[in-house]
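Working through the structure, step by step
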Amino acid sequence: MKVQPIYNSKILKKGFEFASNNGSLFAASTALILSAARPLAILATPNTDKDNKRYACTKAIASSLNGYLLMLCASIPIAKAVKEIDKNPAKYLSEETVKNLKGKEKILAASKKYTFATQLFKLGIGLLVAAPKAILTCALIPPIMNKLFNIKNNRKTNNTNPSFTGKTNIPAKTIFETIKEKGTKVIAKGINSNFVQNLAEKYHNTRFEQHIISLTDAVSTTAFIHQISQSKDIKNDNKNALIYNAALSTGLSITGGYVLDSITKKPTEKFIEKFKKANAKDPKLNKYIEGIRVAKPVLILGTIYYIFIPLISTFLADKFDRYKTSLKNNN
(Lines give C-alpha, C1' and ligand atoms only; values in the text may rest on other atoms or scores of the structure.)
Protein backbone atom coordinates (compact mmCIF):
# COMPACT_ATOMS: atom_id res chain seq x y z
CA MET A 1 0.00 0.00 0.00
CA LYS A 2 1.42 3.36 -1.07
CA VAL A 3 1.60 5.97 1.70
CA GLN A 4 0.77 9.56 0.77
CA PRO A 5 3.69 11.94 1.41
CA ILE A 6 1.63 14.08 3.80
CA TYR A 7 1.57 11.31 6.44
CA ASN A 8 5.37 11.18 6.51
CA SER A 9 5.98 14.91 6.22
CA LYS A 10 8.80 15.96 8.56
CA ILE A 11 7.42 19.50 8.74
CA LEU A 12 3.98 18.21 9.71
CA LYS A 13 5.45 15.91 12.36
CA LYS A 14 7.50 18.76 13.84
CA GLY A 15 4.36 20.87 13.97
CA PHE A 16 2.39 18.13 15.74
CA GLU A 17 5.24 17.57 18.20
CA PHE A 18 5.39 21.30 18.92
CA ALA A 19 1.61 21.37 19.54
CA SER A 20 1.90 18.36 21.85
CA ASN A 21 4.85 19.69 23.87
CA ASN A 22 3.67 23.28 24.19
CA GLY A 23 0.09 23.79 23.04
CA SER A 24 -0.18 27.30 24.49
CA LEU A 25 2.90 28.55 22.62
CA PHE A 26 1.71 26.73 19.48
CA ALA A 27 -1.57 28.66 19.75
CA ALA A 28 0.28 31.96 20.30
CA SER A 29 2.61 31.27 17.37
CA THR A 30 -0.34 30.41 15.13
CA ALA A 31 -2.05 33.62 16.20
CA LEU A 32 1.10 35.62 15.44
CA ILE A 33 1.34 34.15 11.92
CA LEU A 34 -2.37 34.46 11.12
CA SER A 35 -2.58 37.95 12.64
CA ALA A 36 -0.90 39.38 9.55
CA ALA A 37 -4.19 38.90 7.70
CA ARG A 38 -6.51 40.34 10.36
CA PRO A 39 -5.43 44.03 10.25
CA LEU A 40 -5.68 43.99 6.45
CA ALA A 41 -9.17 42.47 6.61
CA ILE A 42 -10.26 45.04 9.22
CA LEU A 43 -8.94 47.99 7.23
CA ALA A 44 -10.72 46.65 4.13
CA THR A 45 -14.13 46.60 5.88
CA PRO A 46 -16.52 48.79 3.84
CA ASN A 47 -18.86 51.49 5.19
CA THR A 48 -17.17 51.59 8.61
CA ASP A 49 -15.81 54.50 10.64
CA LYS A 50 -12.12 54.98 9.91
CA ASP A 51 -11.05 55.41 13.53
CA ASN A 52 -13.05 52.35 14.64
CA LYS A 53 -11.22 50.29 12.03
CA ARG A 54 -7.88 51.67 13.14
CA TYR A 55 -8.53 50.84 16.79
CA ALA A 56 -9.64 47.30 15.88
CA CYS A 57 -6.55 46.91 13.69
CA THR A 58 -4.27 48.14 16.48
CA LYS A 59 -5.91 45.80 19.00
CA ALA A 60 -5.21 42.83 16.69
CA ILE A 61 -1.54 43.79 16.36
CA ALA A 62 -1.05 44.45 20.08
CA SER A 63 -2.84 41.24 21.08
CA SER A 64 -0.87 38.92 18.82
CA LEU A 65 2.53 40.44 19.61
CA ASN A 66 2.26 40.61 23.38
CA GLY A 67 0.37 37.30 23.46
CA TYR A 68 3.26 35.54 21.78
CA LEU A 69 5.92 37.13 24.00
CA LEU A 70 4.00 36.45 27.22
CA MET A 71 3.34 32.85 26.24
CA LEU A 72 6.95 32.35 25.21
CA CYS A 73 8.11 33.35 28.69
CA ALA A 74 5.33 31.60 30.63
CA SER A 75 4.90 28.34 28.75
CA ILE A 76 8.46 27.15 28.13
CA PRO A 77 9.20 26.31 31.81
CA ILE A 78 5.87 24.42 32.03
CA ALA A 79 6.56 22.52 28.81
CA LYS A 80 10.08 21.63 29.97
CA ALA A 81 8.76 20.48 33.34
CA VAL A 82 6.13 18.21 31.80
CA LYS A 83 8.76 16.83 29.42
CA GLU A 84 10.82 15.78 32.44
CA ILE A 85 7.81 13.87 33.77
CA ASP A 86 7.24 12.32 30.33
CA LYS A 87 10.83 11.04 30.26
CA ASN A 88 10.85 9.67 33.79
CA PRO A 89 7.30 9.24 35.17
CA ALA A 90 8.45 6.76 37.84
CA LYS A 91 10.64 9.47 39.38
CA TYR A 92 7.86 12.02 39.74
CA LEU A 93 4.58 10.09 39.80
CA SER A 94 3.42 7.56 42.34
CA GLU A 95 2.76 3.97 41.32
CA GLU A 96 -0.93 4.47 42.00
CA THR A 97 -1.04 7.55 39.76
CA VAL A 98 0.69 5.73 36.91
CA LYS A 99 -1.70 2.81 37.30
CA ASN A 100 -4.78 5.05 37.34
CA LEU A 101 -3.74 7.14 34.36
CA LYS A 102 -2.28 4.31 32.31
CA GLY A 103 -5.47 2.25 32.40
CA LYS A 104 -5.49 -0.47 29.76
CA GLU A 105 -2.79 1.13 27.61
CA LYS A 106 0.58 -0.59 27.28
CA ILE A 107 2.52 2.62 27.89
CA LEU A 108 1.62 5.74 29.87
CA ALA A 109 2.25 8.12 26.95
CA ALA A 110 -0.51 6.43 24.92
CA SER A 111 -3.13 7.03 27.62
CA LYS A 112 -5.77 9.71 27.01
CA LYS A 113 -6.06 10.16 30.76
CA TYR A 114 -2.38 10.98 31.04
CA THR A 115 -2.64 13.28 28.03
CA PHE A 116 -5.52 15.09 29.71
CA ALA A 117 -3.57 15.48 32.97
CA THR A 118 -0.47 16.92 31.27
CA GLN A 119 -2.36 19.11 28.79
CA LEU A 120 -4.33 20.52 31.70
CA PHE A 121 -1.09 22.23 32.73
CA LYS A 122 0.36 22.91 29.28
CA LEU A 123 -2.82 24.46 27.88
CA GLY A 124 -3.86 25.78 31.28
CA ILE A 125 -0.97 28.24 31.33
CA GLY A 126 -2.71 30.03 28.46
CA LEU A 127 -5.77 30.44 30.65
CA LEU A 128 -3.68 31.88 33.49
CA VAL A 129 -1.98 34.37 31.17
CA ALA A 130 -5.25 35.39 29.44
CA ALA A 131 -6.10 38.29 31.79
CA PRO A 132 -2.55 39.78 31.96
CA LYS A 133 -2.39 39.53 28.17
CA ALA A 134 -5.66 41.46 27.84
CA ILE A 135 -4.50 44.14 30.27
CA LEU A 136 -1.22 44.60 28.40
CA THR A 137 -3.05 44.66 25.05
CA CYS A 138 -5.25 47.49 26.28
CA ALA A 139 -2.20 49.41 27.53
CA LEU A 140 -0.41 49.01 24.20
CA ILE A 141 -3.25 50.31 22.02
CA PRO A 142 -2.68 54.08 22.55
CA PRO A 143 1.09 54.10 21.81
CA ILE A 144 0.68 51.80 18.81
CA MET A 145 -2.18 53.96 17.49
CA ASN A 146 0.08 56.99 17.76
CA LYS A 147 2.95 55.24 15.96
CA LEU A 148 0.86 53.71 13.15
CA PHE A 149 -1.80 56.35 12.55
CA ASN A 150 -0.49 59.40 14.43
CA ILE A 151 -3.57 59.36 16.67
CA LYS A 152 -2.66 60.53 20.16
CA ASN A 153 -4.48 59.83 23.43
CA ASN A 154 -7.47 62.01 24.27
CA ARG A 155 -5.66 63.21 27.37
CA LYS A 156 -2.11 64.07 28.26
CA THR A 157 -0.23 61.40 30.11
CA ASN A 158 3.09 61.43 31.86
CA ASN A 159 5.78 59.16 30.57
CA THR A 160 5.62 56.41 33.15
CA ASN A 161 7.41 53.75 31.20
CA PRO A 162 9.58 51.81 33.63
CA SER A 163 13.32 51.99 33.14
CA PHE A 164 15.00 48.64 33.51
CA THR A 165 18.57 49.62 34.20
CA GLY A 166 19.28 47.25 37.04
CA LYS A 167 21.75 44.43 36.61
CA THR A 168 21.85 40.97 38.06
CA ASN A 169 24.74 38.62 38.56
CA ILE A 170 22.54 35.51 38.63
CA PRO A 171 23.07 33.50 35.42
CA ALA A 172 19.90 33.15 33.35
CA LYS A 173 20.51 29.42 32.96
CA THR A 174 20.56 28.94 36.74
CA ILE A 175 17.27 30.81 37.12
CA PHE A 176 15.65 28.80 34.34
CA GLU A 177 16.85 25.46 35.74
CA THR A 178 15.56 26.37 39.21
CA ILE A 179 12.16 27.33 37.82
CA LYS A 180 12.03 24.13 35.75
CA GLU A 181 12.95 21.94 38.72
CA LYS A 182 10.40 23.53 41.03
CA GLY A 183 7.81 23.56 38.25
CA THR A 184 8.30 19.86 37.60
CA LYS A 185 7.67 19.04 41.26
CA VAL A 186 4.59 21.27 41.42
CA ILE A 187 3.09 19.78 38.26
CA ALA A 188 3.91 16.25 39.39
CA LYS A 189 2.18 16.98 42.69
CA GLY A 190 -0.83 18.19 40.74
CA ILE A 191 -0.95 15.07 38.56
CA ASN A 192 -0.59 12.90 41.68
CA SER A 193 -3.61 14.60 43.24
CA ASN A 194 -7.01 12.92 43.31
CA PHE A 195 -8.55 16.10 41.89
CA VAL A 196 -6.61 15.98 38.60
CA GLN A 197 -7.00 12.21 38.29
CA ASN A 198 -10.76 12.47 38.82
CA LEU A 199 -10.93 15.15 36.14
CA ALA A 200 -8.91 12.92 33.81
CA GLU A 201 -11.25 10.00 34.51
CA LYS A 202 -14.35 12.06 33.72
CA TYR A 203 -13.22 14.21 30.81
CA HIS A 204 -10.40 12.40 28.96
CA ASN A 205 -12.74 11.43 26.11
CA THR A 206 -14.21 14.91 25.69
CA ARG A 207 -13.07 17.77 23.48
CA PHE A 208 -11.16 19.20 26.42
CA GLU A 209 -8.52 20.82 24.19
CA GLN A 210 -11.26 22.81 22.45
CA HIS A 211 -12.89 23.68 25.78
CA ILE A 212 -9.68 25.02 27.36
CA ILE A 213 -8.70 27.05 24.30
CA SER A 214 -12.23 28.51 23.98
CA LEU A 215 -12.37 29.32 27.69
CA THR A 216 -9.00 31.05 27.40
CA ASP A 217 -10.32 33.26 24.59
CA ALA A 218 -13.46 34.07 26.58
CA VAL A 219 -11.49 35.05 29.70
CA SER A 220 -9.07 37.15 27.65
CA THR A 221 -11.91 39.00 25.91
CA THR A 222 -13.80 39.60 29.17
CA ALA A 223 -10.68 41.07 30.78
CA PHE A 224 -9.98 43.17 27.68
CA ILE A 225 -13.52 44.59 27.64
CA HIS A 226 -13.24 45.53 31.31
CA GLN A 227 -9.89 47.27 30.74
CA ILE A 228 -11.16 49.17 27.70
CA SER A 229 -14.23 50.41 29.58
CA GLN A 230 -11.97 51.72 32.38
CA SER A 231 -9.23 53.13 30.14
CA LYS A 232 -8.58 56.87 30.14
CA ASP A 233 -6.10 56.63 27.28
CA ILE A 234 -8.51 55.52 24.54
CA LYS A 235 -10.91 57.92 22.86
CA ASN A 236 -14.37 57.63 24.40
CA ASP A 237 -15.97 57.82 20.95
CA ASN A 238 -14.21 54.60 19.94
CA LYS A 239 -14.51 52.56 23.15
CA ASN A 240 -17.91 51.02 22.44
CA ALA A 241 -17.05 49.91 18.91
CA LEU A 242 -13.83 48.32 20.18
CA ILE A 243 -15.76 46.49 22.91
CA TYR A 244 -18.46 45.28 20.52
CA ASN A 245 -15.80 44.17 18.05
CA ALA A 246 -13.95 42.11 20.67
CA ALA A 247 -17.14 40.48 21.96
CA LEU A 248 -18.47 39.68 18.50
CA SER A 249 -15.13 38.34 17.28
CA THR A 250 -14.71 35.99 20.22
CA GLY A 251 -18.35 34.90 20.30
CA LEU A 252 -18.47 34.15 16.59
CA SER A 253 -15.09 32.39 16.56
CA ILE A 254 -15.92 30.15 19.54
CA THR A 255 -19.34 29.24 18.13
CA GLY A 256 -17.91 28.65 14.67
CA GLY A 257 -15.05 26.68 16.19
CA TYR A 258 -17.37 24.16 17.83
CA VAL A 259 -19.46 23.83 14.69
CA LEU A 260 -16.42 23.20 12.47
CA ASP A 261 -14.89 20.88 15.05
CA SER A 262 -18.04 18.71 14.93
CA ILE A 263 -18.16 18.78 11.13
CA THR A 264 -14.51 17.75 10.82
CA LYS A 265 -14.61 15.08 13.57
CA LYS A 266 -14.86 12.07 11.23
CA PRO A 267 -12.31 13.36 8.66
CA THR A 268 -9.87 14.04 11.54
CA GLU A 269 -10.28 10.52 12.95
CA LYS A 270 -9.71 9.06 9.47
CA PHE A 271 -6.58 11.17 9.09
CA ILE A 272 -5.33 9.97 12.50
CA GLU A 273 -5.90 6.31 11.58
CA LYS A 274 -4.01 6.68 8.31
CA PHE A 275 -1.29 8.63 10.09
CA LYS A 276 -0.95 5.84 12.67
CA LYS A 277 -0.55 3.19 9.96
CA ALA A 278 2.02 5.25 8.08
CA ASN A 279 4.07 5.90 11.25
CA ALA A 280 3.42 2.72 13.24
CA LYS A 281 7.12 2.27 14.06
CA ASP A 282 7.84 5.89 14.90
CA PRO A 283 8.68 6.19 18.64
CA LYS A 284 7.06 9.63 18.74
CA LEU A 285 3.73 8.46 17.32
CA ASN A 286 1.80 9.13 20.54
CA LYS A 287 3.22 12.65 20.67
CA TYR A 288 2.10 13.30 17.11
CA ILE A 289 -1.43 12.07 17.81
CA GLU A 290 -1.62 14.24 20.92
CA GLY A 291 -0.38 17.17 18.84
CA ILE A 292 -3.03 16.64 16.16
CA ARG A 293 -5.77 16.87 18.78
CA VAL A 294 -4.29 20.11 20.16
CA ALA A 295 -3.49 21.66 16.77
CA LYS A 296 -6.96 21.09 15.32
CA PRO A 297 -8.94 23.51 17.53
CA VAL A 298 -6.07 26.02 17.50
CA LEU A 299 -6.02 26.13 13.68
CA ILE A 300 -9.81 26.17 13.40
CA LEU A 301 -10.29 29.01 15.90
CA GLY A 302 -7.29 30.92 14.55
CA THR A 303 -8.46 30.73 10.94
CA ILE A 304 -11.98 31.81 11.86
CA TYR A 305 -10.84 34.61 14.18
CA TYR A 306 -8.06 36.09 12.07
CA ILE A 307 -9.32 35.56 8.53
CA PHE A 308 -13.11 35.17 8.35
CA ILE A 309 -14.45 37.10 11.35
CA PRO A 310 -12.71 40.54 11.08
CA LEU A 311 -14.88 41.91 8.26
CA ILE A 312 -18.09 40.75 9.94
CA SER A 313 -17.29 41.82 13.51
CA THR A 314 -15.81 45.20 12.53
CA PHE A 315 -18.79 46.01 10.31
CA LEU A 316 -21.43 44.88 12.84
CA ALA A 317 -19.66 46.56 15.78
CA ASP A 318 -19.58 49.86 13.91
CA LYS A 319 -23.25 49.61 12.93
CA PHE A 320 -24.30 48.71 16.46
CA ASP A 321 -22.26 51.58 17.89
CA ARG A 322 -23.85 54.04 15.46
CA TYR A 323 -27.32 52.70 16.26
CA LYS A 324 -26.81 53.12 20.02
CA THR A 325 -25.36 56.60 19.51
CA SER A 326 -28.35 57.66 17.39
CA LEU A 327 -30.77 56.36 20.02
CA LYS A 328 -28.90 58.25 22.73
CA ASN A 329 -28.93 61.48 20.70
CA ASN A 330 -32.64 61.19 19.95
CA ASN A 331 -33.57 60.77 23.62
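Before going into details, it helps to say that this report is about the structure given with it. (Residues numbered from 1 in each chain as written. Predicted model: local features only at pLDDT ≥ 70, side-chain atom pairs only at ≥ 80, totals over all residues. Heavy atoms only, no water.)

**Focus on the packing of helix α4 (residues 50-87) against helix α8 (residues 124-149)**
Remark: α4 packs on α8, axes separated minimally by 7 Å, with the N-to-C direction vectors making an angle of 140°. Between α4 and α8, the angle falls in the class oblique. Crossing geometry of α4 relative to α8 is assigned as right-handed. Counted by class, the contact of α4 with α8 contains 18 nonpolar, seven polar and three charged residues. (Axes fitted to C-alpha atoms, helices over the stretch in contact; angles between N-to-C directions. Helix = DSSP H or I, 4+ residues; strand = E, 2+ residues; numbered from the N terminus. Parallel < 35°, antiparallel > 145°, perpendicular 65-115°, else oblique. Left-handed = near helix turned anticlockwise from the far one by under 90°. Nonpolar A, V, L, I, M, F, W, Y, C, P; charged D, E, K, R; others polar.)

**Considerations on empty space enclosed by the protein**
Counted according to the given criterion, the structure contains one cavity of 30 Å³ or more. Estimated volume of the largest cavity: approximately 610 Å³. Taken together, 33 residues line the largest cavity, and the ones lying closest to its centre are A27, A31, K133, T216 and D217. Taken together, the elements giving at least two residues each to the lining of the largest cavity come down to α2 (23-34), α4, α8, α11 (208-230), α12 (236-263) and α14 (285-330). When the residues that make up the lining of the largest cavity are grouped by side-chain class, the tally is 16 nonpolar, 14 polar and three charged. (1 Å grid on protein atoms, 1.4 Å probe; cavity = no way out; pocket = protein on both sides within 12 Å on 5 of 7 lines; lining within 4 Å. Points joined across faces, edges and corners; volume = space filled by probe spheres on them.)

**Notes on α11**
Relative to the 33 Å expected for 23 residues at 1.5 Å per residue, α11 spans 33 Å between its end C-alpha atoms, a close match to the ideal helical length. Inspection of α11 places F208, E209, Q210, I212, I213, S214, T216, S220, T221, A223, F224 and I228 among the buried residues, and these make up the whole buried set. (Expected span 1.5 Å × (residues − 1). Buried < 20%, exposed > 50% of the residue type's maximum accessible area, 1.4 Å probe, protein only.)

**Let's talk about a positive patch on the surface**
Residues K266, K270, K274 and K277 make up a contiguous surface patch of positive charge. Judged by its relative accessible area of 67%, K266 falls in the exposed class. (Patch = residues over 30% accessible without salt bridge, like charges linked within 9 Å, V, L, I, M, F, W, Y side chains within 5 Å. Areas by Shrake-Rupley, 256 points an atom, 1.4 Å probe, with all protein chains shown as cover. Salt bridge = Lys/Arg side-chain N within 4 Å of Asp/Glu carboxyl O. Lys, Arg positive; Asp, Glu negative; His and termini not counted. Charge placed at Lys NZ, Arg CZ, Asp CG, Glu CD.)

**Structural notes on the layout of surface pockets**
Roughly 600 Å³ of internal volume is contained in the largest pocket. Along its surface, the largest pocket is lined by 25 residues, and K112, T206, E209, E269 and R293 are the ones closest to its centre. At the level of secondary structure, the elements contributing two or more residues to the lining of the largest pocket comprise α7 (112-122), α11, α12, α13 (265-278) and α14. Of all the elements, α14 adds the most residues to the lining of the largest pocket, at seven residues. Looking at the lining of the largest pocket, its residues break down into six nonpolar, nine polar and ten charged.

**Here's the deal with the nonpolar core**
Side chains of nonpolar character tend, in soluble globular proteins, to be buried together. M71, I85, L93, L101, Y114, I187 and I191 are the most contacted members of the largest nonpolar core, which has 32 residues in total. Those elements that provide at least two residues to this core are α2, α4, α7, α8, α9 (172-192), α10 (194-203), α11 and α14. With five residues, the single largest contributor to this core is α4. Not counting chain neighbours up to four residues away, the residues in contact with M71 comprise S24, L25, A28, I76, I125, G126 and V129. Counting 14 residues, the second largest nonpolar core, distinct from the first, contains A134, M145, I228 and A317. (Core = buried A, V, L, I, M, F, W, Y, C linked by side-chain atoms within 4.5 Å. Contact = heavy atoms within 4.5 Å.)

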